[in-house]
2 protein chains.
Amino acid sequence: MDNFEFLNPTKIIFGRGTENQVGREVKKFSSSCLLHYGGGSIRKSGLYDRVVASLKEAGVRFAELGGVQPNPRVGLVREGIELCRKHKLEFVLAVGGGSVIDSAKAIAVGVPYTGDVWDFFTGKLLPETKLPVGSILTIPAAGSEASHSCVITNDEGMLKRPLNMEMNRPSFAIMNPELTFSLPPYQTACGVSDIMAHVMERYFTLTPKVDFTDRLCEATLKTVIGNAPIVLEKPDDYDARAEIMWASTIAHNNLLSTGRIGDFGSHLIEHELSGINDVAHGAGLAVVFPAWMKYVQKKMLPRFVQFAVRVWNVEQWFDDPERTAREGIRRLEEFFVRIGMPVRLGEIGLGESHLDEIVRKTLIGRGETVGNVIKLGREDIRGVLKLAL
Amino acid sequence: MDNFEFLNPTKIIFGRGTENQVGREVKKFSSSCLLHYGGGSIRKSGLYDRVVASLKEAGVRFAELGGVQPNPRVGLVREGIELCRKHKLEFVLAVGGGSVIDSAKAIAVGVPYTGDVWDFFTGKLLPETKLPVGSILTIPAAGSEASHSCVITNDEGMLKRPLNMEMNRPSFAIMNPELTFSLPPYQTACGVSDIMAHVMERYFTLTPKVDFTDRLCEATLKTVIGNAPIVLEKPDDYDARAEIMWASTIAHNNLLSTGRIGDFGSHLIEHELSGINDVAHGAGLAVVFPAWMKYVQKKMLPRFVQFAVRVWNVEQWFDDPERTAREGIRRLEEFFVRIGMPVRLGEIGLGESHLDEIVRKTLIGRGETVGNVIKLGREDIRGVLKLAL
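Keep in mind the model is a prediction, meaning the values are calculated, not measured. (Residues numbered from 1 in each chain as written. Chains lettered and ligands numbered in written order. Predicted model: local features only at pLDDT ≥ 70, side-chain atom pairs only at ≥ 80, totals over all residues.)

Right, let's get into the interface of chain B and chain A. Residue-level contacts link 34 residues of chain B with 34 residues of chain A. Sorting the residues of the side of chain B that touches chain A by element identifies strand S1 (4-14), helix H8 (211-233) and helix H9 (238-252) of chain B as the ones contributing at least two each. A class-by-class count of the residues in the side of chain B that touches chain A yields 14 nonpolar, nine polar and 11 charged. Note: strand S1 (residues 4-14) of chain A against S1(B), seven bridges, orientation antiparallel. (Contact = placed C-beta atoms within 7 Å. Helix = DSSP H or I, 4+ residues; strand = E, 2+ residues; numbered from the N terminus. Nonpolar A, V, L, I, M, F, W, Y, C, P; charged D, E, K, R; others polar. Pairing = 2+ DSSP bridges.)

Here it is, written out as structure tokens:
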């Protein structure tokens, strides 16, 4: 086990009706906020009205900014920053999924900074201070509600860049599983795929002797695997929605990274798939992850056997670990198919002719390789993608 | 799943050599501290010298107070409060196990209060403010390093009383598994028993549909069960010590309580065993917990079957769930015996003649019953204890 530091200062407020506490929670930090959201779904569902009522009741004045897109844009972030300055707002409240929360995080670091917020995403400098951020989560997937991550896309050249730092962690996350009942099956499944990828990126580590976090990862995966088919069949199953929602936070708040180094190479490859034809992140991951596994499995065969046996209850072939490992990967693919995810590039409109572009873009600004289990160079990335054809 | 709130603001600093950062960490809160510890073991091991060096290097002035006993006494807490006031110390640093940390927590709430600190433990009133607390943990067991609990004993009448509140959570916990190499086998095993009890008290819940936290509990138990025999055989096995140490924190920081209500009845019964002949808390739990399980198992048979199958890999008798459940409890007892814990009252010097006293004391100030799975009245507590004869 490696040395580590871990602190998750995000207060989780979980359960039915909790969105009605939002005014009170914001008020602990400020009497004013930017109310930030995406499309119109929160108006249709009535959530918008409940949030506004709660803010008013608590005496929190606010301005609002909707319109966050998937792959949130720096353009809107700049608008949010201006709004906060103009109205002297001192808190950013995100109502939505990972994109809205990431956009809120970017606004929060941008307000007290005199230069352009994109400077933080090019690595020019790090923020010294920020506004506090809170969220009402409506899509369990990205884990942004309690994570240190923030990914923003620059409209010029569609550059997608992260700003990962402990200061990014929100002050609170309000999580009511009922708010996810209306998520369509495809979006639900994309979330499940994203959650599983977050766990598996941490699970497949070269760090030896990390028994506890291995088992916590397996617990999280099994929970999601068991509950995903339930919510797809019965979208308003509160308990199954709740399991997935809580698992999505733990999957990415770095508890599962403690003492180990993961491998996020497949995530970076997926970003470039999404970039080419706007495929949903979770769907792209369902294509890339099993291919990545097939490519690297010989490097860490015992771990892949453990994955097969413990996560998928594969009956172990003791004399044939490779067969056992392969069966684990096959079960993962089978699961993705069952929940309606693609598992081949062709299913998301990509083919051999796109490989060069994906390989090239994956490595831009990242040197010669990505990933950790195998440091994937140009030929390796192509090798992974060929396994997804 | 029930609604819940969860926030653990304790920064975990984990790994080899981390105790040398202590000065820097305290300095983030204050330039002065009370250095609080137990017996002489931290001097013998050289830890004391490293802590003092680190505090001096960071420019933190300090006064010190050693002598914390197991079942930490309010008398010493009062001394600590006086010392802090006299030297105007603004941080309490605990170096030791759960008793030292609990004592530090009590000092921390007592310093800014004008009355007697025991008022907080009688429930007369709640603290409004406190000094920040940090720790260097040397015994993985109580989980106090990141928990909201604090238990103090009043020398007059040996009353043991808790003060549980979110404000109790320490600011940081420094956890170097190397510092636990020198723990004797019996104390190591008592810690293991305490950790397992913390998890099982949460695991055996009447709250339905708590799949994720069930699995996190099982992951924690399996980690401890797998690694305990290793550290007993090889006390300086860093990785196995590390697994147990990190598991001890997660077992009691309330992550495993999220969305569910546990049953701490067996813990309360055990406190009175300890009170009678000063048996170690972990050893008493190894006696009481399996007896409690035998007493309540019929109330929640499916959960006991799950415990047997998932935690102990019991081959399930599908047509005989009671037999499966019993086998799980038998395995737990067998495990306790294997690590050198007692599992019968006789082994800790208690017998039928003590039952009345234990029953009576368990209920003092607690009304008619303790516990939750079955609300244990006078006859039930006696019934549990008889199963431990």
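Here we come to the sheet that holds strand S2 (residues 32-37) of chain A. Within a sheet, adjacent strands bond to each other through the backbone by hydrogen bonds, running parallel or antiparallel. Read from one edge to the other, the open sheet built from 12 strands follows the order S3(A)-S2(A)-S4(A)-S5(A)-S8(A)-S1(A)-S1(B)-S8(B)-S5(B)-S4(B)-S2(B)-S3(B), with strand pairing classed as mixed. If you trace the sheet from one side to the other, it starts and ends with strand S3 (61-65) of chain A together with strand S3 (61-65) of chain B, each paired once. For this sheet, the mean angle separating the axes of adjacent strands, direction not counted, is 25°. With five bridges connecting them, strand S4 (residues 92-96) of chain B and strand S5 (residues 133-137) of chain B associate as parallel partners. Across the sheet, B:Val92 pairs through a bridge with B:Val133, a residue of S5(B). Contacting strand S2 (32-37) and S3 of chain B, helix H4 (residues 74-87) of chain B runs over the sheet at an angle of about 160° to S3(B). (Axes fitted to C-alpha atoms, helices over the stretch in contact; angles between N-to-C directions.)

The next thing to look at is the packing of helix H10 (residues 281-296) of chain A against helix H12 (residues 321-338) of chain A. Residue and element names in this part refer to chain A. Two numbers describe how H10 lies on H12: the axes approach to 10 Å, and their chain directions differ by 175°. As judged from the angle between their axes, H10 and H12 are roughly antiparallel. Residues Ala286, Pro290, Met293 and Lys294 of H10 form the contact with H12, whose own contacting residues are Ile329, Leu332, Glu333 and Phe336. Residue composition of the contact of H10 with H12, by class: six nonpolar, no polar and two charged. (Parallel < 35°, antiparallel > 145°, perpendicular 65-115°, else oblique.)

On their own, these measurements won't tell you what the molecule is for.
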